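# Structure assessment
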Amino acid sequence: MLPTVPKPSSGPATPASAVRSSVFDWPIQAIRRYAETKATRQLEVLAEGGSVRERLRDLMLGVIETDLADPGRRGCLALNAATETSGRTGEVAGLVHQQFADLEEALAQLIAIGQRTGELSTDRPPLQVARAFQSAYYGLRVLAKVTSDKRALVDVVDGSIAAL
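In short, a report on the structure. (Residues numbered from 1 in each chain as written. Predicted model: local features only at pLDDT ≥ 70, side-chain atom pairs only at ≥ 80, totals over all residues. Heavy atoms only, no water.)

## Digging into the packing of aromatic side chains
What the rule picks out here adds up to 2 aromatic pairs. Taken together, a centroid distance of 4.5 Å and an interplanar angle of 15° make the contact between Phe100 and Tyr138 stacked. With Phe100 in helix α4 (residues 90–116) and Tyr138 in helix α5 (residues 126–146), this residue pair connects regions lying 38 residues apart in the sequence. Owing to a relative accessible area of 21%, Phe100 belongs among the partly exposed residues under this scheme. Ring pairing ties together the aromatic residues Phe100, Tyr137 and Tyr138, which thus form one cluster. (Phe/Tyr/Trp six-rings, centres within 6.5 Å; stacked < 30°, edge-to-face > 60°. Helix = DSSP H or I, 4+ residues; strand = E, 2+ residues; numbered from the N terminus. Buried < 20%, exposed > 50% of the residue type's maximum accessible area, 1.4 Å probe, protein only.)

## Observations concerning helix α6 (residues 150–162)
Owing to its 3.6 residues per turn, the α-helix brings residues three or four apart onto one side. The terminal C-alpha atoms of α6, which comprises 13 residues, lie 18 Å apart, in line with the 18 Å expected from a rise of 1.5 Å per residue. Leu153, Val154, Val157, Ser160 and Ile161 are the residues of α6 that are buried. Along α6, the residues classed as buried sweep out an arc of 120° about the axis, all on the same side. Taken together, the buried residues of α6 touch α2 (52–69) and α5. Its side-chain oxygen 3.1 Å from the backbone nitrogen of Arg151, Asp149 forms the N-cap of α6. (Expected span 1.5 Å × (residues − 1). Arc of directions from axis to C-beta. Contact = heavy atoms within 4.5 Å. Polar contact = N/O pair within 3.5 Å; in protein donor to acceptor, adjacent residues only side chain to side chain.)

## Considering the pattern of salt bridges
By the definition in use, this model includes 8 salt bridges. Close ionic contact of Arg41 with Glu44 constitutes a salt bridge, the shortest N to O distance being 3.4 Å. Highlighted residues: Arg41 and Glu44, both in helix α1 (residues 16–47), separated by 3 residues, approximately one helical turn. With a relative accessible area of 39%, Arg41 lands in the partly exposed category. Taking relative accessible area as the criterion, Glu44 reaches 38% and is therefore assigned partly exposed. In this structure, Arg141 engages Asp67 in a salt bridge whose closest nitrogen and oxygen atoms are separated by 2.8 Å. Note that Arg141 is positioned in helix α5 and Asp67 in helix α2, a separation of 74 residues in sequence. (Salt bridge = Lys/Arg side-chain N within 4 Å of Asp/Glu carboxyl O.)

## What about the side chain of Gln134?
Secondary-structure assignment places Gln134 in helix α5. Side-chain polar atoms of Gln134 contact the backbone oxygen of Phe100, separated by 3.0 Å. For Gln134, the contacting residues outside a window of four places in its chain are Phe100, Leu103, Glu104 and Leu107.

## Overview of the environment of Ala69
Summarising the element assignment, Ala69 is placed in helix α2. Given a relative accessible area of 60%, Ala69 falls into the exposed group. It is 9.8 Å that separates the C-alpha atoms of Ala69 and Ser148, two residues lying 79 residues apart in sequence.

Written out as structure tokens, the structure reads:
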């Protein structure tokens, strides 16, 4: 919710710079809070026990449940911010980029482990596999905004895991 500027009859006017700051800082605060909660949870899922494939699958299945349970289908705040004009410049862009980079790094490390243990193919470098998986993950988040077909979403997960 945007702050309201007091009317002249209600007392001294708020300095314009303070109003601009409060209006434009809310996305930054929201992205920071998202990083502390949702983005951190993504990394925790990847660090939990189980095979590499199970952890990657759990990450994707978890967002299906979250996204389908949201009646407003708002989806991923970081992804939404990245696709909005305001999310491509300034501090919002930096915060979103950091969240994407953190997930990419965690995925690459996990995939490297899977390759070293023989669970995953070594045909491609871990970073390349991580980037392809991350693209499927974010694509799944977008698809969940426009469909209620859980089977179709699970097919994306199954295809992504099979491609590893």
